[in-house]
Amino acid sequence: MKFLIENDSKFKLDYYLCVDTQCWFIMKYKVRDILEYIIALVNEFAKNYGLTDQQAYRYIRNHKGVTFIEENYGIIHTLDFNEAVESVALFCRRTGGDL
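For every chain, the first residue of the written sequence is number 1, and numbering continues from 1 onward in sequence order. In keeping with the predicted nature of the model, local features appear solely for residues at pLDDT of at least 70, side-chain atom pairs appear and are counted solely at 80 or more, and the whole-chain, interface and lining totals rest on all residues. Hydrogens and waters are ignored; side-chain quantities use all the structure's heavy atoms.

### Quick word on the nonpolar core
Next up, step 1: Counting 20 residues, the largest nonpolar core has Tyr-37, Leu-41, Phe-45, Ile-60, Ile-69, Ile-76 and Val-88 as the members making the most contacts within it.
Next up, step 2: The secondary structure listing takes helices from DSSP runs of H or I that are at least 4 residues long and strands from runs of E that are at least 2 residues long, numbered from the N terminus. Elements supplying a minimum of two residues to this core: α1 (31-49), α2 (53-62), α3 (65-71), α4 (73-76) and α5 (81-94).
Next up, step 3: No other element matches α1, which puts seven residues into this core. We call a set of buried residues a nonpolar core when its members are Ala, Val, Leu, Ile, Met, Phe, Trp, Tyr or Cys and they connect through side-chain atoms within 4.5 Å of each other. Burial here depends on accessible area, computed with a 1.4 Å probe over protein chains only, as a share of the maximum for the residue type. Under 20% is buried, over 50% is exposed, and the range in between is partly exposed.

Here's what the structure looks like:
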């Protein structure tokens, strides 16, 4: 069994994990862009719900919202921030959150 991770582009983090002859797409967006977006979204979430940034991040993380944002970044980052905050809040409610 042979593992290989290769970069498909000089400008984006387009990586594929290859095992023998099978390859899986790993990431299509810059990690920095995703992290900056998560930070900004957590800040807006905190403002919307009267929380500190730390409280908002813990709430979102505990209810799998960070994973939701990462997995859906391609779509969620195109939404208006208010829509994105509501999407994350709805997802967190579905996983046990109460905000």
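### Description of the packing of α1 against α5
Next up, step 1: Where α1 meets α5, the closest approach of the two axes is 10 Å, and the angle between their N-to-C directions is 80 degrees. As summarised for this structure, α1 and α5 are arranged roughly perpendicular, according to the angle between their axes. For the pair formed by α1 and α5, the contact residues are Tyr-37, Ala-40, Leu-41, Glu-44, Phe-45, Asn-48 and Tyr-49 on the first element and Phe-81, Ala-84, Val-85, Glu-86, Val-88, Ala-89 and Arg-93 on the second.
Next up, step 2: Its residues assigned to classes, the contact of α1 with α5 shows ten nonpolar, one polar and three charged. Simply put, an axis is a line fit to the C-alpha atoms, just over the touching stretch for a helix, and the angle between two N-to-C directions goes from 0 to 180 degrees. Note on terminology: angles under 35 degrees are roughly parallel, angles over 145 are roughly antiparallel, angles of 65 to 115 are roughly perpendicular, and the others are oblique. What makes two residues a contact is simply this: any of their non-hydrogen atoms within 4.5 Å. Under the scheme applied here, ten amino acids are nonpolar (Ala, Val, Leu, Ile, Met, Phe, Trp, Tyr, Cys and Pro), four are charged (Asp, Glu, Lys and Arg), and all others, including Gly, are polar.

Don't take any of this as a statement about function, it's just geometry.
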